[in-house]
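Descriptive analysis of the structure
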Amino acid sequence: LTKRIWLTVAIIILIFTILVVGIIPNKQEQDFTKSFSKETKNLTSFVSIGISVAMEQGVMDVIREVMAIARKDKRLKYITYIDEVGDTFATVPPEAQIDLSTVDNDSILVQKVMCETGRGSYGYVFAVFSKKDIRDSMDEIRSVAMIVSVVVFYYRNSSWPLAC
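Residues numbered from 1 in each chain as written. Predicted model: local features only at pLDDT ≥ 70, side-chain atom pairs only at ≥ 80, totals over all residues. Heavy atoms only, no water.

1. A word on the side chain of D73
Operational definition: What counts as a helix is a DSSP run of H or I of at least four residues, what counts as a strand is a run of E of at least two, and both are numbered from the N terminus. Each residue is placed in one exposure class: buried if its accessible area under a 1.4 Å probe, protein chains only, is under 20% of its type's maximum, exposed if it is over 50%, and partly exposed if it falls in between. Whenever two N or O atoms come within 3.5 Å, that pair is a polar contact, provided that in protein one can donate a hydrogen and the other can accept it, and provided that, for residues adjacent in sequence, both atoms are side-chain atoms. Contact between two residues is taken to exist if any of their heavy atoms lie within 4.5 Å; hydrogens are not considered.
Among the structural elements, D73 can be located in the loop between α2 (61-71) and β1 (76-82). Among the residues examined, D73 registers a relative accessible area of 15% and is labelled buried. A polar contact is formed between the side chain of D73 and the side chain of R75, at a distance of 2.9 Å. For D73, the contacting residues outside a window of four places in its chain are L43 and F129.

The following block contains the structure:
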């Protein structure tokens, strides 16, 4: 009977551990990534709108201003404006090594937004953002989840009042 009770408790703790360490953090990571993608898309779209207005109105100072605003996002690795013939302009930071073949992966998120108005297309904005903050948050969440699981497992056989 004792072995059955111990086995039942061990299975419950195992299920708890799988939920707390695996499933819940993975869902949280998906939510973080989805939110991050929306934020970066909005920032890139903002820059694209600014560039479109600047090109249409002939007010090039606007490009510098929207790029300065984009630069404030600490997750931004680089952002650049590619005109309709493929030339690169207004890269932030200026020393960035631009690779237009860059694609999303575990460490970066890429956004590409067209610069268009009713009068035509002016090229596109290409931005690359770091996912380091998401990775760091997920590492912290998983560490805490693991500690909680170990504490629950440890106290299973102790004299703790809630232990089985």
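2. What about the pairing of strand β3 (residues 108-117)?
As a reminder of what qualifies: A pair of strands is considered paired only if DSSP assigns at least 2 bridges between the two.
Of the pairings in the sheet, the one linking β3 to strand β4 (residues 120-130) comprises nine bridges and is antiparallel in character. In the strand pairing of β4, K112 is matched with F126.

3. Considering the pattern of salt bridges
Filter applied, for reference: Here, a salt bridge means any Lys or Arg side-chain nitrogen found within 4 Å of an Asp or Glu carboxyl oxygen.
Inspection of every chain in the model, using the stated rule, returns seven salt bridges. Its salt-bridge partner being R75, residue E39 comes within 2.8 Å of it at the nearest N-O pair. With a gap of 36 residues between them, E39 in helix α1 (residues 2-57) and R75 in the loop between α2 and β1 connect regions that are remote in the sequence. Residue R75 is classed as buried on the basis of its relative accessible area, which comes to 17%. For R75, the salt bridge goes to D73, with nearest N and O atoms at 2.9 Å. One network of salt bridges, in which partners are shared, links E39, D73 and R75.

4. What about the packing of aromatic side chains?
Applied cut-off: Ring pairs are drawn from Phe, Tyr and Trp, using the six-membered ring of Trp, whenever the two centres fall within 6.5 Å, and their geometry is named by plane angle: stacked under 30 degrees, edge-to-face over 60, tilted for the rest. Geometrically, a charge over a ring is one whose NZ (Lys) or CZ (Arg) sits within 6 Å of the ring centre while staying within 35 degrees of the ring normal.
The final tally for this structure, using the stated rule, is three aromatic pairs. Ring geometry for F36 versus F129: centroids 6.4 Å apart, planes at 85 degrees, classification edge-to-face. One end of the pair, F36, is in helix α1; the other, F129, is in strand β4, with 93 residues separating them in the sequence. The residue whose ring lies beneath K112 is Y124, and the NZ or CZ to ring-centre distance is 4.3 Å.

5. What about the nonpolar core?
Heads up, the rule is: The term nonpolar core refers to a set of buried residues drawn from Ala, Val, Leu, Ile, Met, Phe, Trp, Tyr and Cys, joined through side-chain atoms within 4.5 Å.
If you look at the biggest cluster of nonpolar residues, it comprises 21 residues, and the most contacted ones within it are V47, I51, M67 and I79. Within the residue set of this core, elements represented by two or more residues are α1, α2, β1, β3, β4 and α3 (132-155). No other element matches the five residues that α1 contributes to this core. Not counting residues up to four positions away in its chain, the partners in contact with I51 are I63, V66, M67, Y81, C115 and V125. Within the second largest apolar cluster, seven residues are counted, among which are I82, I108, V110 and V128.

6. Comments concerning the sheet that holds β4
Put simply, the rule reads: Under this scheme, a helix contributes an axis fitted over its contacting stretch, all axes are lines through C-alpha atoms, and angles between N-to-C directions fall in the 0 to 180 degree range.
The strand order across the open sheet formed by four strands is β2-β1-β4-β3, and the pairing between neighbours is antiparallel. Among the strands making up the open sheet, the edge pair consists of β2 (88-92) and β3. This sheet shows a mean twist of 15 degrees between the axes of neighbouring strands, independent of strand direction. The sheet contact formed by β1 and β4 spans six bridges and is antiparallel. Looking at the pairing, I79 lines up with A127 of β4. Each of β1, β3 and β4 is contacted by α1, which is oriented at about 30 degrees to β3, the strand it contacts most.

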